[in-house]
Amino acid sequence: MSEPAPSDLRAHLDTVYRAESGRILATLVRLLGNLEAAEDAMHDAFNAALQAWPATGIPANPRAWLISTARFKAIDAFRRRARFDAAHDHIAAALHAEGPGPAAAADELPDDRLRLIFTCCHPALAPEARTALTLREVCGLTTEEIARAFLVSAPTIAQRIVRAKAKIRDERIPYQVPAGAELPGRLHAVLAVVYLLFNEGYSASSGASLTRVELSTEAIRLGRVLHGLLPEPEATGLLALMVLQESRRAARADAAGDLVRLEDQDRSAWDRTLIAEGVALVEQALATRRFGPYTLQAAIAAVHAGARRAEETDWRQICALYDALLEMQPSPVIALNRAVAVARVAGPAAGLALVDGLLARGELLDYHLAHATRADFCRRLGRVEDAREACRRALALATSERDQRHLEGRLKELG
Amino acid sequence: MKFICLGYADPKLFATTPEKEMHAMMDRCFAYDDHLRANGHFTGGHALQPPSAGMLLRCVNGKVVATDGPFTETKEQIGGILILEARDLNHAVELISRHPGVTFGPWEIRPAADLDEMMRLSAARRGSPPAQ
């Protein structure tokens, strides 16, 4: 134990909050049976720490101290209300009967956080509410931080969270990990939230970067929790995919913050530790033979990661993986990515035929990358005028400044 | 984060509620304030006398004009302010939504603005050291 200075203590508590609030809250929700009471008790416990720790020193196990204190705070709150409302009396009595326990750490169950994630990503909640709720309750971000990251106002996010919580309460959404036949569908909703968070942070322009990068970090943190607690191949596959994409972050943008294409990236800037982790995860997921689209996308990323130089990329392998992916998840965006791989193996004319087929079916007409890809194939076939035309169309459809700058550069190269 | 919470109420409500009911209500409010205080959320505040006891100052054509009772025609008046310490806007909403005072009338929750930088720049313009 040590006696910290007040300012150090606040900083230390903030760190504890970011690292542990998700776990503490999850355990309290189970112990108290109610999200609001749990949050209240947790905040009160952090305030109590601020007052108590300067004198007592930081306890050896801060999390256990906070859980135990929060539990007493909750009993106090129920008692206080019981003075006006007899209904709360037996709740306080029941909570007290369970006692403080020998060490609160023993009260924690490893899947507490998992239950909370499944509650926050429940399909009964609006999709945009799921991400906000997960970031706040599981990752410990404030409403204001979430608002900054998604570029919306704090009251908008606050409303989403208030409504989602009311729904959890009113519809008695259970606080549990679904089992059996229900799991795959519910897991899909959870993984979708995590991947959305990751992409929100990964594809953002560098302008508003800092809080956005944090979203990717949080997504990977959640991915690790899911992978660690739930032996499902797609949870492993998603973590692999995020880790492999993250490994290229430093090489994705040049000094001016402009996008660098995969083939032009400085591969020595790729994070080898993350790549090794990602590849091991992909292999683990593939070995189950029960993998899905996230694992296949991770496998494609792993093939790219395995090429020390762009020319060494095993495009045949990538084509085969895209074939499997397209069969599993027929989507025009996947078909477009497959066309890029096919062009590498069979030439730009084969790729162009696939893209033109998509566009002729009315798919991806408003997707700037479809036209940018078409421009690239046309350029390689020497059809400069067609390439220019496609590039202009892509430019008109691109919304982020960074994409626009990138396309302007390519248009200039076409003369 | 600090939030300034403005509680509104119809002054008529206070005048027409039976005394016993009024006492019970005030007891609930003060008990909840004590709970907020005990947990470091209640960092300041005050109840207000009715608007008829106050005055309104306004600058008209460069002259300060004082009139009595501001906005007396509005039904709901600010009955009190509470300075709340909360982690974020949602936490503030939760704390205030449990305040028995919400049954009197609406509450407005406004994040406190940080003017430190503005004051520092202003002090520099005025050539005076920043106030502590």
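One can find the structure itself at the top, above this paragraph.
Residues numbered from 1 in each chain as written. Chains lettered and ligands numbered in written order. Predicted model: local features only at pLDDT ≥ 70, side-chain atom pairs only at ≥ 80, totals over all residues. Heavy atoms only, no water.

Undergrad: Could you give me a rundown of the sheet that holds strand 6 (residues 107-111) of chain B, with the residues and numbers involved?
TA: Strands pair in a sheet through their backbones, by hydrogen bonds, and they do so in one of two ways: parallel or antiparallel. Residues and elements named next belong to chain B. Within the open sheet, the 4 strands sit side by side as 2-5-1-6. Their pairing is antiparallel. The open sheet is flanked by strand 2 (42-47) and strand 6, the only strands paired with a single partner. Averaged over all neighbouring strand pairs, the angle between strand axes comes to 15°, with direction disregarded. As paired strands, strand 1 (residues 2-9) and strand 6 are joined by 5 bridges and run antiparallel to one another. If you follow Phe 3 over to strand 6, its bridge partner there is Pro 111. (Pairing = 2+ DSSP bridges. Helix = DSSP H or I, 4+ residues; strand = E, 2+ residues; numbered from the N terminus. Axes fitted to C-alpha atoms, helices over the stretch in contact; angles between N-to-C directions.)

Undergrad: Just give me the short version of the interface of chain A and chain B, but keep the residues and values in it.
TA: Counting from both sides, the interface comprises 27 residues of chain A and, opposite them, 20 residues of chain B. Buried area between chain A and chain B, summed over both chains or domains, comes out near 1900 Å², and the portion from carbon and sulfur atoms is 49%. At the boundary of chain A with chain B, the tally comes to 3 salt bridges. A salt bridge links Arg98(B) to Asp40(A); the shortest N-O distance between them is 2.7 Å. Inspection of the region where chain A meets chain B yields 13 residue pairs in polar contact (both at pLDDT 80 or more). Where the side of chain A that touches chain B is concerned, the elements lending two or more residues are helix 1 (6-32), helix 2 (35-56), helix 3 (62-82), helix 7 (143-150) and helix 8 (154-170) of chain A. Tallied by class, the residues present in the side of chain A that touches chain B amount to 10 nonpolar, 6 polar and 11 charged. (Contact = heavy atoms within 4.5 Å. Buried area = accessible area lost by both parts, 1.4 Å probe. Salt bridge = Lys/Arg side-chain N within 4 Å of Asp/Glu carboxyl O. Polar contact = N/O pair within 3.5 Å; in protein donor to acceptor, adjacent residues only side chain to side chain. Nonpolar A, V, L, I, M, F, W, Y, C, P; charged D, E, K, R; others polar.)

Undergrad: Which residues make up the pattern of salt bridges, and what are the values?
TA: Residue and element names in this part refer to chain A. In this structure the tally under the stated criterion is 35 salt bridges over all chains. For Arg 169, the salt bridge goes to Asp 170, with nearest N and O atoms at 3.7 Å. Two residues, Asp 356 and Arg 374, come together in a salt bridge whose shortest N-O distance is 2.6 Å. Pair noted here: Asp 356 is in helix 17 (residues 348-360) and Arg 374 is in helix 18 (residues 368-380), with a separation of 18 residues, a long-range link.

Undergrad: Lay out helix 8 of chain A in plain terms, naming residues and giving numbers.
TA: The terminal C-alpha atoms of helix 8 of chain A lie 24 Å apart, and with 17 residues this matches the ideal 24 Å at 1.5 Å per residue to within 8%. Taken together, the buried positions of helix 8 of chain A are Ala154(A), Ile157(A), Ala158(A), Ile161(A), Ala164(A), Lys165(A) and Ile168(A). For helix 8 of chain A, the buried positions fall inside an angular range of 130° around the axis, keeping them on one side. Across helix 8 of chain A from its buried face, at more than 90 degrees, point the exposed residues Arg163(A) and Asp170(A). On its buried face, helix 8 of chain A is in contact with helix 2, helix 5 (112-120), helix 6 (127-138) and helix 7 of chain A together with helix 3 (89-97) of chain B. Of the residues flanking the end of helix 8 of chain A, it is Arg172(A), one or two places downstream, whose phi is positive at about 45°. (Expected span 1.5 Å × (residues − 1). Buried < 20%, exposed > 50% of the residue type's maximum accessible area, 1.4 Å probe, protein only. Arc of directions from axis to C-beta.)

Undergrad: Describe in detail empty space enclosed by the protein, supporting the description with residues and values.
TA: Residue and element names in this part refer to chain A. Under the defined criterion, the tally for this structure stands at 3 cavities of 30 Å³ or more. Space inside the largest cavity adds up to approximately 80 Å³. Taken together, 13 residues make up the lining of the largest cavity; nearest its centre are Tyr 17, Glu 39, Met 42, His 43 and Arg 136. Every element with two or more residues in the lining of the largest cavity is listed here: helix 1, helix 2 and helix 6. Here the lining of the largest cavity spans two domains, and each of domain 1 (6-109) and domain 2 (110-230) adds at least three residues to it. As a volume, the second largest cavity reaches approximately 60 Å³. In this structure, the second largest cavity is lined by Ala 37, Asp 40, Ala 41, Asp 44, Lys 73, Ala 74, Ala 77, Phe 78 and Arg 81. The set of elements that each furnish at least two residues to the lining of the second largest cavity consists of helix 2 and helix 3. A total of 5 residues in the lining of the second largest cavity trace back to one element, the largest contributor, which is helix 3. Of the residues belonging to the lining of the second largest cavity, the class tally is 5 nonpolar, no polar and 4 charged. (1 Å grid on protein atoms, 1.4 Å probe; cavity = no way out; pocket = protein on both sides within 12 Å on 5 of 7 lines; lining within 4 Å. Points joined across faces, edges and corners; volume = space filled by probe spheres on them. Domains from an automatic or database assignment.)

Remember that the coordinates give geometry; whether it matters functionally is a separate question.
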